[in-house]
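# Residue-level structure breakdown
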2 protein chains.
Amino acid sequence: MAPVTNGRTIDLQNAPLHGGVLIKVLILSMDPYMRGRLRAPEIESLEGYGIGVILRSETAGVEAGAHVRGILAHKEYIIASDITALEVIERDPRLHWSAYVGAAGMPGETAFIGWREHSDAKKGEVAYISTGAGPVGSMVIQLAKQDGLKVIASAGSDEKVKFMKEIGADVAFNYKTTDLREVLAKEGPLDIFWDNVGGETLDAALEFSANYARIIECGQISGYNNAGQPVKNTGLIFAKRLHIHGFLVLDLSPKYTAAFRAEFVPKLASGEFKFTEDVTRGLDKVGDVMVAVQKGTNTGKAVVVVADE
Amino acid sequence: MAPVTNGRTIDLQNAPLHGGVLIKVLILSMDPYMRGRLRAPEIESLEGYGIGVILRSETAGVEAGAHVRGILAHKEYIIASDITALEVIERDPRLHWSAYVGAAGMPGETAFIGWREHSDAKKGEVAYISTGAGPVGSMVIQLAKQDGLKVIASAGSDEKVKFMKEIGADVAFNYKTTDLREVLAKEGPLDIFWDNVGGETLDAALEFSANYARIIECGQISGYNNAGQPVKNTGLIFAKRLHIHGFLVLDLSPKYTAAFRAEFVPKLASGEFKFTEDVTRGLDKVGDVMVAVQKGTNTGKAVVVVADE
């Protein structure tokens, strides 16, 4: 079978590049936020964070064999007229490329940046991390433990609870079988809440926040598929002098990328910080994995391996 | 009639002070937050921000004739064992004492501190100020105009709308007769929202916020008398990278008091910053004024003058 790109055959050796590059897609990251990118089937919209290798280049300064990371079309091969939006990356030999869309990539950087920029964490404080077994939440747990905090973490299966305990959570529970408010009433009040959920979880966190608590809004998966769950306790923001910060990693990345590479990635490579991956092979599996991520049935950072090098 | 304190007669010349002071209450401030202090009638709970003059003192360093400001019992005279919780204040001769519980007091300082600490205002940005005719909101309008912002402001009567225009609001409207969402859709998006209301107003502000907007939670009068109105748009905190800050003026006062006195109060005394007062005479009127403040029927900062000097 000849190589194809988006249903069309491509001649890898001779396809004209017009001064651009030919990229072979290796890894695609599957993330909750991709829900917002879905369009009607007739619109060719799918793209996402991924890693590819340059097979051929007509662009000065870009060499064949280099690896690039960024938003890639969901295809096997891409002819790109320029790669200024992509980042040329190198790999720690102790890590697979797949880690570079997960713990050593955007999710890890999201955790690192959000925590550094907005947590104002102090030793002995209490942090609650929702979706604590996810690719972001699991990194936040380990960052919080590194800073000497008591960590409460929740996820939606007993297997995930076990993982959260392994990576250091002091209190880990399955929110489907344990009452969140009871846990927070007993283990709080919260100085920091890392919110990946929104809705009732945010409401409970507001209720059990300490004065001066920081709430980091990293996502609200509970609202992605509806108009947004109402939150009743916003009046407490004033009364408790809370600070709530929304952020997107790309905005703050320039400020933190060097520190992330120097301080965080080596901890992943050495095994000090633990992470899990849920790897699926084949571009045709993207739809299934995307649904699994929305349902939370994946275990570990969801990655599709499109091809080996 | 002999002077009384809390229904009991007091001998102003001879009542024993036991090393403390005798204070004559001059001014009591009536503020929305006092709703939270109301208790059952049999509990002697009423107290509030006010100004008094020291009639006699047995405390070293405290002279008769000095004026003090702070939380005072709602009485005509107070014998206090110590006044460390009160602040000795002086008056700009161009201002009445009543100003020192309003524009030159806690409400003014609330506006000054909240704006300085949390607005991150930049010239040309758009700010929306709810309860813009109130003692805090009217000061925020003038601070925002001083910083070169476009100011949208709302209040609940046409008279208040007129006042907000007089003090510089570019867009002023009566929220009871004009649709907030229509105004914000036309005049926004918002870079700063000063929230004194909460509930649906906060929801609308979230909807019409620009990316990176700052929301300053100064109070949520809509929720004081119920369990809190639900807010649907908290998911936008993440998507728009919003920052929401609750604060109480007393926490930040030490950081800003000197600047407030040096930079803000002189603008009130010179007339550059305008303010209005709604003065009622007599301690027995406290209940009526408190209700008026909750209903918003007062015009200008509500003050009860208990006595002249």
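Located above this text is the structure these notes cover.
Residues numbered from 1 in each chain as written. Chains lettered and ligands numbered in written order. Predicted model: local features only at pLDDT ≥ 70, side-chain atom pairs only at ≥ 80, totals over all residues. Heavy atoms only, no water.

Before going further, it helps to spend a moment on helix α4 (residues 180-187) of chain B. Residues and elements named next belong to chain B. For α4, every residue scored as buried is listed here: Leu180, Val183, Leu184 and Glu187. Projection of α4 onto a plane perpendicular to its axis shows the buried side chains occupying an angular sector of 95 degrees, all on one side. Turned more than 90 degrees off the buried face of α4, the exposed positions are Glu182 and Lys186. As for α4, its buried residues are in contact with β8 (126-129), β9 (150-155), β10 (171-174), β11 (190-195) and α5 (199-207). Of the residues flanking the start of α4, the one acting as N-cap is Asp179, its side-chain oxygen 3.2 Å from the backbone nitrogen of Arg181. (Buried < 20%, exposed > 50% of the residue type's maximum accessible area, 1.4 Å probe, protein only. Helix = DSSP H or I, 4+ residues; strand = E, 2+ residues; numbered from the N terminus. Arc of directions from axis to C-beta. Contact = heavy atoms within 4.5 Å. Polar contact = N/O pair within 3.5 Å; in protein donor to acceptor, adjacent residues only side chain to side chain.)

Glancing now at helix α2 (residues 137-146) of chain A. All names here are of chain A. Of all the 10 residues making up α2, 8 are buried; the element is thus mostly covered by neighbouring parts of the structure. For α2, every residue scored as buried is listed here: Gly137, Ser138, Met139, Val140, Ile141, Gln142, Leu143 and Ala144. The first or second residue beyond α2 is Gly148, which carries a positive phi of 85 degrees.

It is worth spelling out the interface of chain A and chain B at this point. Listed by partner, the interface residues are 28 residues for chain A and 28 residues for chain B. Our enumeration of links across chain A and chain B arrives at 2 salt bridges. With a closest N to O distance of 2.7 Å, Asp251 of chain B and Arg241 of chain A form a salt bridge. Put simply, chain A and chain B have 10 residue pairs in polar contact (both at pLDDT 80 or more) between them. Of all elements in the fold, only β12 (209-217), α6 (235-239) and β13 (243-246) of chain A reach the threshold of two or more residues within the side of chain A that touches chain B. (Salt bridge = Lys/Arg side-chain N within 4 Å of Asp/Glu carboxyl O.)

Residue and element names in this part refer to chain A. With omega at 0 degrees, the peptide bond leading from Gly188 into Pro189 counts as cis. If you check the backbone angles, Thr131 has positive phi at about 45 degrees while not being a glycine. Here Thr131 lies in the loop between β8 (126-129) and α2.

Take chain A, turn it by 180 degrees, move it 0.0 Å along the axis, and it overlays chain B with an RMSD of 0.0 Å. Those values place the two copies in the arrangement expected of a two-fold rotation axis. (Least-squares fit on C-alpha atoms with pLDDT ≥ 70 in both.)

Turning our attention to the environment of Ile141 of chain A. All names here are of chain A. Note that Ile141 resides in helix α2. Overall, the relative accessible area of 0% leaves Ile141 in the buried class. A C-alpha to C-alpha distance of 41 Å links Ile141 and Ser81, two positions 60 residues apart in sequence. Excluding anything up to four places from it in sequence, Ile141 contacts Ile129, Gly132, Val151, Ala153, Met164, Ile167, Gly168 and Ala169.

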